[in-house]
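One-letter residues, chain by chain:
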Amino acid sequence: MSENLLNDWLDHKVPLYIRLDALPCQIVRYLGGGQFLLKDWERKIKSSMDYYQHEKMPEFKIRQFYPEKDAEIESRLLEGDLGICRYTYNGHAHGYWRVKATPVTRFAEDHYVLTDMDTVRENNNIAGAIVVYGKDDRDYLIFPSGVFRDKSELFFDANELSPQSVESMPGVKKEKQTRISRPERIALYVMLKEHYLDGNGEVNFSKMAEMLTVASKKYGFSDSFSDDTIAKWIKRIENENQ
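Overview of the overall build of the chain
The helix and strand tally for the chain stands at 7 helices and 9 strands. The burial tally for the chain puts 36% of its 242 residues in the buried class. Taking all contacts inside the chain whose residues are at least 6 apart in sequence as the whole, residues at least 24 apart take part in 68%.

Regarding the pattern of salt bridges
Under the counting rule described, the total for this entry stands at 11 salt bridges. Arg106 is paired through a salt bridge with Asp11; the nearest N and O atoms lie 3.2 Å apart. Of the two residues, Arg106 sits in the loop between β4 (84-101) and β5 (111-115) while Asp11 sits in the loop between α1 (3-10) and β1 (16-32), which places them 95 residues apart along the sequence. Judged by its relative accessible area of 43%, Arg106 is partly exposed.

Observations concerning the packing of aromatic side chains
Across all of its chains, the model carries 6 aromatic pairs by this definition. Ring geometry for Tyr51 and Tyr52: centres 4.9 Å apart, planes at 65°, overall edge-to-face. Since its relative accessible area comes to 13%, Tyr51 is described here as buried. A residue is classified by how much of its surface remains accessible, and Tyr52, at 0% relative accessible area, is buried. The interplanar angle of 85° and the centroid separation of 5.3 Å between the aromatic rings of Tyr96 and Phe155 together place this pair among those described as edge-to-face. Highlighted residues: Tyr96 in strand β4 and Phe155 in strand β9 (residues 154-155), separated in sequence by 59 residues. Among the residues examined, Tyr96 registers a relative accessible area of 31% and is labelled partly exposed. The ring centre of Trp97 lies 5.9 Å from the NZ or CZ of Arg63, which sits over that ring.

Some thoughts on the confidence of the model for the chain
A residue-level look at the chain finds 86% of positions with pLDDT of 70 or above and a mean pLDDT of 81. A low-confidence stretch, residues 166-179 (pLDDT under 50), is modelled with 13 contacts involving residues beyond four sequence positions or located in other chains.

With respect to the side chain of Arg29
Mapping Arg29 onto the fold places it in strand β1. On the basis of relative accessibility, which here comes to 0%, the residue Arg29 falls in the buried class. Once residues lying within four places of it in the same chain are set aside, the contact partners of Arg29 are Ile45, Asp50, Tyr51, Tyr52, Cys85, Arg86, Tyr87, Tyr89, Arg138 and Asp139.

Focus on helix α6 (residues 205-218)
Here α6 contains 14 residues, and its C-alpha end-to-end distance of 20 Å stays within 8% of the 20 Å for a straight helix at 1.5 Å per residue. Along α6, the residues that are buried comprise Met208, Ala209, Leu212, Thr213, Ala215 and Ser216. Just past α6, the residue Gly220 takes up positive phi, approximately 90°.

As for unusual backbone geometry
The residue Ala22 is not glycine, and still its phi comes out positive at about 55°. Tracing the sequence through the fold places Ala22 in strand β1. Using a relative accessible area of 33% as the deciding quantity, one classes Ala22 as partly exposed. Even without being glycine, Ser48 reaches a positive phi, approximately 60°. Along the chain, the position of Ser48 falls in the loop between α2 (35-46) and β2 (63-67).

Looking at the pairing of β1
Relative to β4, β1 runs antiparallel, the two sharing 16 bridges. Its bridge partner being in β4, Ile27 is matched across the sheet by Tyr89. Pairing between β1 and strand β7 (residues 139-142): 4 bridges, direction antiparallel. Opposite Gln26, over in β7, you have Ile142 as the bridge partner.

Here's the deal with the nonpolar core
With 35 residues, the main nonpolar core has Trp9 and Leu141 as its most contacted residues. Among the elements of the structure, α1, β1, α2, β4, β5 and β6 (129-133) are those that each provide at least two residues to this core. The residues contacting Leu141, other than those within four sequence positions of it, are Leu20, Cys25, Gln26, Ile27, Phe65, Ala93, Trp97, Thr115, Asp116 and Val132. In terms of nonpolar packing, the next biggest core, distinct from the first, is built from 8 residues, Tyr196, Ala209, Ile230 and Ile234 among them.

Notes on the side chain of Thr102
As for its placement among the helices and strands, Thr102 is situated in the loop between β4 and β5. Among the polar contacts made by the side chain of Thr102, one reaches the main-chain carbonyl oxygen of Ala129 at a distance of 2.8 Å. Apart from the residues within four sequence positions on either side, Thr102 is in contact with Met117, Val120, Ala129, Ile130 and Val131.

About the criteria used
- Residues numbered from 1 in each chain as written.
- Predicted model: local features only at pLDDT ≥ 70, side-chain atom pairs only at ≥ 80, totals over all residues.
- Heavy atoms only, no water.
- Helix = DSSP H or I, 4+ residues; strand = E, 2+ residues; numbered from the N terminus.
- Buried < 20%, exposed > 50% of the residue type's maximum accessible area, 1.4 Å probe, protein only.
- Contact = heavy atoms within 4.5 Å.
- Salt bridge = Lys/Arg side-chain N within 4 Å of Asp/Glu carboxyl O.
- Phe/Tyr/Trp six-rings, centres within 6.5 Å; stacked < 30°, edge-to-face > 60°.
- Lys NZ or Arg CZ within 6 Å of the ring centre and 35° of its normal.
- pLDDT = per-residue confidence, 0-100.
- Expected span 1.5 Å × (residues − 1).
- Pairing = 2+ DSSP bridges.
- Core = buried A, V, L, I, M, F, W, Y, C linked by side-chain atoms within 4.5 Å.
- Polar contact = N/O pair within 3.5 Å; in protein donor to acceptor, adjacent residues only side chain to side chain.

Structural data, given as structure tokens:
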């Protein structure tokens, strides 16, 4: 990873990620809903129905967090009955989690230390500390002391980089993005809805992706389609049409 990109990350201009493989840690989550949803969120977490465990959730394909068996979930209501609920429980983290630099991160010489912002504020003595977040800044991980990661273990998402950051990266292939006009998007939407519904006449993103991949091979194309891509196409034109 280039020094320019690391500097952009240190200045909070671009996001970076770290991959965790069943790393034991604690998660802190702030969820809205107030008193009437306090126990409901606990039930969802215990029954694997929250967005870090349920396979139908978009978050599931990026990062996952599984509570320990029979883990105790500490929950409490903040800011009154219509406020925010705070949940804390132990488990294991998988996948790509967003990392943010702290004021002392830039002074790390060889490795970073995984920590959380509360610890940084309280102790202010962890050289090379980086904070690990989940779906957004309201979800973060707390680690045992002494969890280190090398700078080379940081990842970036090319889709999230600014043009300036991409230009600063040597050896990165720069491709011009093709702009699809609105009539082309409408034609694609109509084609998918007319010819690529499932056996029940319903929109099924996975089935559409599978049928398009098979059809493209018939015409000599090696490209494959994902359900995420199909969903993005359809939802975009539907949102434009609202």
